[in-house]
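Given next are the chains, with one letter for each unit.
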Amino acid sequence: MQLIGMLDSPYVRRVAVSLHVLQQPFEHQSLSVFSTFDQFHRINPVVKAPTLVTGNGTVLMDSTLILQWIEAQAPASQLTPSVPAQRLHDLRLTGLALAACEKAVQTVYEHRLRPAEKRHAPWLERVGGQLDAAFAALEADIARTPLAAEQDALTHGSIAAAVAWSFTQLLLPGRVDAATHRHLAAFTDAAERLPAFLACPQT
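Asks: Describe the side chain of Thr 188, naming the residues involved and giving the relevant values.
Replies: Along the chain, Thr 188 turns up in helix 7 (residues 182-191). Among the polar contacts made by the side chain of Thr 188, one reaches the main-chain carbonyl oxygen of Leu 184 at a distance of 2.9 Å. In contact with Thr 188, other than residues within four places in its own chain, are Ala 161, Ala 162, Trp 165 and Ser 166.

Here it is in structure tokens:
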């Protein structure tokens, strides 16, 4: 099994951390959709990160779909809570975290790839508002229901939340204040010291 993509992508890192938690062996190819486009294209013509190449050569895309398949291969260890109420909460956390990732990525791309004179301020304001709303909701949920920063207790939602926070702090430093998101920030700090996260550094 091969995971294709850079760990500075929150989607790639989400899959990599999950693979470690689920104890699924894999080979990581750190290819960029920008600087190594042609090499990536030879593996997946869509050039979408993350890309997973399964043992039989099937190419999968999208972190959520990849994780659905991976979890099915590791029935002894699951990232999906079995209790319905806990599963619902975890789905909510996952959705909020992925929304935060999406809006952070859009903000980064707008500033790094689009010439300054062509940036659209209303679009950046809208995306920024969505980013703030996603992190505010994550903080509120985690304040009500604290997450356990233990490797055996990690779930799809807790992994996604930590990855989203770390990515945003790295690529958009100061954009989202840690002091007003202290529960999320504290959980992420603890999660980043777990073996699965240490094995997948984003820098």
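Don't stop here, the text continues.
Asks: Any details on the packing of aromatic side chains? Residues and values, ideally.
Replies: The way to describe two aromatic rings as a pair is by their centre distance and the angle between their planes. Counted under the stated rule, the structure contains two aromatic pairs. On the basis of an interplanar angle of 80° and a centroid distance of 5.8 Å, the ring pair of Phe 34 and Tyr 109 is categorised as edge-to-face. Placement of the pair is Phe 34 in the loop between strand 2 (27-29) and helix 2 (37-43) and Tyr 109 in helix 4 (residues 84-113), with a sequence separation of 75 residues. Residue class for Tyr 109 comes out partly exposed when judged on its relative accessible area of 39%. Note on Phe 135 and Trp 165: the rings are 5.4 Å apart at their centroids and 90° apart in plane angle, and the pair reads as edge-to-face. Of the two residues, Phe 135 sits in helix 5 (residues 121-144) while Trp 165 sits in helix 6 (residues 156-171), which places them 30 residues apart along the sequence.

Asks: Outline the sheet that holds strand 3 (residues 51-53), supporting the account with residue identities and numerical values.
Replies: Spatial ordering of the open sheet is given by 2-1-3-4, a layout of four strands whose pairing is mixed. Both edges of this open sheet fall to strand 2 and strand 4 (59-61), since each of them pairs with a single strand only. Each strand axis lies, on average, 20° off the axis of its neighbour in the sheet, ignoring direction. Examined bridge by bridge, strand 3 and strand 4 share three bridges and lie antiparallel to one another. Residue pairing in the sheet places Val 53 in a bridge with Val 59 of strand 4. Most of the contacts of helix 1 (residues 10-21) go to strand 1 (residues 2-4), to which it runs at about 155°, and overall it touches strand 1 and strand 2.

Asks: I'd like a description of the nonpolar core, backed by residues and values.
Replies: One finds Ile 70, Ile 159 and Phe 197 to be the most contacted residues of the largest nonpolar core, which totals 25 residues. Breaking this core down by element, the ones donating at least two residues are helix 1, helix 3 (63-72), helix 6, helix 7 and helix 8 (195-198). Among the elements that take part in this core, helix 1 stands out by supplying six residues, more than any other. Of all hydrophobic cores here, the second largest spans 24 residues; its members include Ala 97, Ala 100, Val 105 and Phe 167.

Definitions and cut-offs
- Residues numbered from 1 in each chain as written.
- Predicted model: local features only at pLDDT ≥ 70, side-chain atom pairs only at ≥ 80, totals over all residues.
- Heavy atoms only, no water.
- Helix = DSSP H or I, 4+ residues; strand = E, 2+ residues; numbered from the N terminus.
- Polar contact = N/O pair within 3.5 Å; in protein donor to acceptor, adjacent residues only side chain to side chain.
- Contact = heavy atoms within 4.5 Å.
- Phe/Tyr/Trp six-rings, centres within 6.5 Å; stacked < 30°, edge-to-face > 60°.
- Buried < 20%, exposed > 50% of the residue type's maximum accessible area, 1.4 Å probe, protein only.
- Pairing = 2+ DSSP bridges.
- Axes fitted to C-alpha atoms, helices over the stretch in contact; angles between N-to-C directions.
- Core = buried A, V, L, I, M, F, W, Y, C linked by side-chain atoms within 4.5 Å.

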